[in-house]
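Residue-level structure breakdown
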Amino acid sequence: MNMTADIIVIGSGITGCAVVRELSRFHASVLVLDRESDLAEGATKANSGIVHAGYDAIPGTKKAFYNVRGANMYESLAKELGVPYRRCGALVLAFDEEDKKTIADLKARGETNGVTGLEILDRETLLKLEPNLNPEVVAALSVPTSAIVSPYEMAFALADDAALNGVRFRFDEEVVSVSKDSDGCFTVQTDKEAFCCKVLVNCAGAFGAEIHNQLSEEKLTMIHRRGQYYLLDRAAHQPFDRTVFQCPSVMGKGVLVSPTVHGNLLLGPTAEDIEDPLDTATTSSGLSDIIQKAARTWSGISTRTNITNFSGVRAHLPTDDFVVGPCEECPGYFEAIGIESPGLSSAPAIGQDLAEMIADHLSLARKEQTVPYPLPPVPFHDMTPEQREQAIQQDPLYGNIICRCEVVTEAEIRRAIRRPVGARSVDGVKRRTRAGMGRCQGGFCLPRVAAIISEETGIPLKEVTKNGGDSLLLSDTIDAFLKGGHDHE
């Protein structure tokens, strides 16, 4: 079989995108394969969006190492790529003496990990900073370097930058087997065809252990841990300015209350171990659990402005640590497995390290120049009246509002589809532009978004999906129905 690429990366979540963006700085052919129809379709699209500072990870672990290093890379990376990011700070609340011991231990742990600015605050100070906190709070660990980001927008920008610099992406390619040939090359068989490469990189998220176990005698077991969320509507002034945690447990960092970079408020997640890594259902019991636990943080809790619920599944290993680097028993195979929280925070550093390891393995030369990443325009929603007028003069499609709730224009939707790794589904447009993310959840804009996707891509309107696969929006067109030619009859 002819060589498909020097390097194949399985998975295009935040970690895979960070890896290939760094690999695009070297002279090598790189191909990304993903089972889904778009980037960031796994845990990346459904997490808290917190850039954790690194106070929680156990010192000496890969989680601690990559968390702190990755978090310190985020601000400059977000600025370079034009991705929404805000250093809002975080609080870890204590409600009794046992909690106070826990936050003192977290402070010491964080300082060992190299986190700066950690401080224990008393009740009076806390209620001045966050008046809507439960007045029963007795103290909290203040984490001023904690931040929030849009995780999927970061993945999109990393992927676009990689694509501009030669990386190829193939979607709807479910990897069914991997093997290493006698000549040292890897064969990757998907449900459609076979690919060949010199180096294989496993960033397959929930399916990472399955790939690993086909190439290594040291078997891994993946625990699929689902987290459900409430998302409240945008508001000019949300009840909390900071991310507010309760003390963590063995199941994770617990239920949080947090602003998002787009002005929403997020409640969650739950922590439920499930069998099916694709089971992203929300349940009445899970959502009730969120309200019950979040009420301890926010005694005046209200979900009156709830606009949607969602869930994501994170990939947890029993070792409670990341697996990052080369597989010693299988030269040429590299992996990033078990990248759960703080995986988002760690991704830039993991990407940098893996790319350098791979470049060293293949003796790759670094490119003298790369194609610069063009900063995206300011979203129409955030433009001043003068900026809006100028935008409409330059492109009249800015004057056509498609999404009323989030004030997203036709120009922005068409640009999202035309990006280097552009949207091909309604949800792909939604996550790139926020069209459909508002209080009506696409009730008004969905038909027009689908029509624009069809116009831009040539995909027949009947075949435009909400989110890839079989998520078709239409059974037929109105014209066909009126002519009596609809398929379902």
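Residues numbered from 1 in each chain as written. Predicted model: local features only at pLDDT ≥ 70, side-chain atom pairs only at ≥ 80, totals over all residues. Heavy atoms only, no water.

Digging into the overall build of the protein
Counting secondary structure elements, the protein contains 13 helices and 22 strands. For 489 residues, the compact-globule estimate of 2.2 N^0.38 gives 23 Å, and the protein sits close to it at 23 Å. For the protein, the spread of C-alpha atoms along the principal axes amounts to about 65 × 60 × 50 Å. The buried share of the protein, reckoned over its 489 residues, is 54%. Contacts in the protein between residues at least 24 apart in sequence constitute 71% of all its contacts with a sequence separation of at least 6. Surface accessibility of the protein: about 21300 Å² in total, with carbon and sulfur atoms responsible for 49%. Of note, the protein has its 49 positive side-chain charges centred 4 Å away from the centre of its 67 negative side-chain charges. (Helix = DSSP H or I, 4+ residues; strand = E, 2+ residues; numbered from the N terminus. Rg over C-alpha atoms; globule rule 2.2 N^0.38 Å. Buried < 20%, exposed > 50% of the residue type's maximum accessible area, 1.4 Å probe, protein only. Contact = heavy atoms within 4.5 Å. Areas by Shrake-Rupley, 256 points an atom, 1.4 Å probe, with all protein chains shown as cover. Lys, Arg positive; Asp, Glu negative; His and termini not counted. Charge placed at Lys NZ, Arg CZ, Asp CG, Glu CD.)

What to know about the state of the cysteines
Inspection of the entire model under this criterion finds zero disulfides. Not part of a disulfide, C196 finds its nearest cysteine sulfur in C185, a span of 4.7 Å. When its relative accessible area of 4% is taken as the criterion, C196 is described as buried. Distance from the sulfur of C330, which forms no disulfide, to the nearest cysteine sulfur (C327) is 5.6 Å. Given the relative accessible area of 4%, C330 is considered buried. (Disulfide = S-S within 2.5 Å.)

Section: the environment of P460
By the element assignment, P460 lies in the loop between α12 (446–457) and α13 (478–482). Looking at P460, the relative accessible area reads 40%, which means it is partly exposed. Considered as a pair, P460 and V30 are 430 residues apart in the sequence and their alpha carbons are 30 Å apart.

A look at the nonpolar core
I7, V9, M154, F169 and V201 are the most contacted members of the largest nonpolar core, which totals 55 residues. In this structure, I7 is in contact with L23, A28, S29, V30, L31, C197, V199, V201, I358, L362 and L364, ignoring residues within four places of it in sequence. In this structure, I8, M222, C327 and Y333 belong to the second largest nonpolar core, which totals 26 residues. (Core = buried A, V, L, I, M, F, W, Y, C linked by side-chain atoms within 4.5 Å.)

Focus on the sheet that holds strand β3 (residues 50–51)
Taking strand neighbours across the sheet as the criterion, the three strands line up as β3-β8-β4 in an open arrangement whose pairing is antiparallel. Both edges of this open sheet fall to β3 and β4 (85–86), since each of them pairs with a single strand only. Note that β3 and strand β8 (residues 147–149) share two bridges and pair antiparallel. Each bridged residue has a counterpart across the sheet, and for I50 the counterpart in β8 is I148. (Pairing = 2+ DSSP bridges.)

Describing the packing of aromatic side chains
The geometry of an aromatic ring pair is captured by two quantities: the separation of the ring centres and the angle between the planes. A complete count under the given rule lists seven aromatic pairs for this structure. Pairing F65 with Y66 gives two aromatic rings, centres 4.9 Å apart and planes at 75°, and the pair type is edge-to-face. Geometrically, the ring pair formed by F240 and W298 is edge-to-face, given 5.8 Å between the ring centres and 85° between the ring planes. Pair noted here: F240 is in the loop between β13 (223–232) and β14 (243–245) and W298 is in the loop between α7 (284–297) and β18 (306–316), with a separation of 58 residues, a long-range link. (Phe/Tyr/Trp six-rings, centres within 6.5 Å; stacked < 30°, edge-to-face > 60°.)

What about the domain arrangement of the protein?
When cut into domains, the protein gives domain 1 (1–85 + 149–221 + 317–376), domain 2 (90–144 + 223–313) and domain 3 (380–478). The centre of domain 1, based on its C-alpha atoms, is set 28 Å off from the matching centre of domain 3. Each side of the interface is counted separately: domain 1 has 17 residues, and domain 3 has eleven residues. Here domain 1 meets domain 3 over a buried area of about 1200 Å², counting both sides, of which 49% is carbon and sulfur. (Domains from an automatic or database assignment. Buried area = accessible area lost by both parts, 1.4 Å probe.)

Focus on the pairing of strand β19 (residues 323–326)
Taken together, the four bridges between β19 and strand β20 (residues 333–337) define a ladder with antiparallel strand orientation. Among the inter-strand pairings, G325 is bridged to a residue of β20, identified as E335. The hairpin turn running from β19 into β20, its antiparallel successor, is six residues long, and G332 in that turn takes a positive phi close to 95°.

Quick notes on unusual backbone geometry
Negative phi is the rule for most residues except glycine; trans is the rule for most peptide bonds. With an omega of 0°, the peptide bond between G268 and P269 qualifies as cis. A cis amide bond links S341 with the next residue in sequence, P342, at an omega value of 5°. Residue placement: P342 occurs in the loop between β20 and α8 (343–362). With a phi angle near 55°, S363 is a residue other than glycine that sits in the positive phi range. Tracing the chain through its elements places S363 in the loop between α8 and α9 (385–394).

Things to note about the packing of helix α1 (residues 14–23) against α8
Orientation of α1 relative to α8, taken along the N-to-C sense of each, is 40°, at an axis distance of 8 Å. Taken together, α1 and α8 sit at an angle that is classed as oblique. Considering how the two elements wind past one another, α1 and α8 form a crossing that is right-handed. Note on element contacts: α8 touches α1 through L344, A347, P348, I350, G351, Q352, L354, A355 and I358, opposite I14, T15, A18, V19, E22 and L23. (Axes fitted to C-alpha atoms, helices over the stretch in contact; angles between N-to-C directions. Parallel < 35°, antiparallel > 145°, perpendicular 65-115°, else oblique. Left-handed = near helix turned anticlockwise from the far one by under 90°.)

Some words on the pattern of salt bridges
Inspection of every chain in the model, using the stated rule, returns 38 salt bridges. With a shortest N-O distance of 2.7 Å, K107 and E111 are connected by a salt bridge. In this pair, K107 and E111 are both assigned in helix α3 (residues 97–113), four residues apart and thus about one turn of the helix distant. Judged by its relative accessible area of 42%, E111 is partly exposed. Put simply, R414 and E455 hold a salt bridge, and the shortest N to O gap is 2.5 Å. (Salt bridge = Lys/Arg side-chain N within 4 Å of Asp/Glu carboxyl O.)

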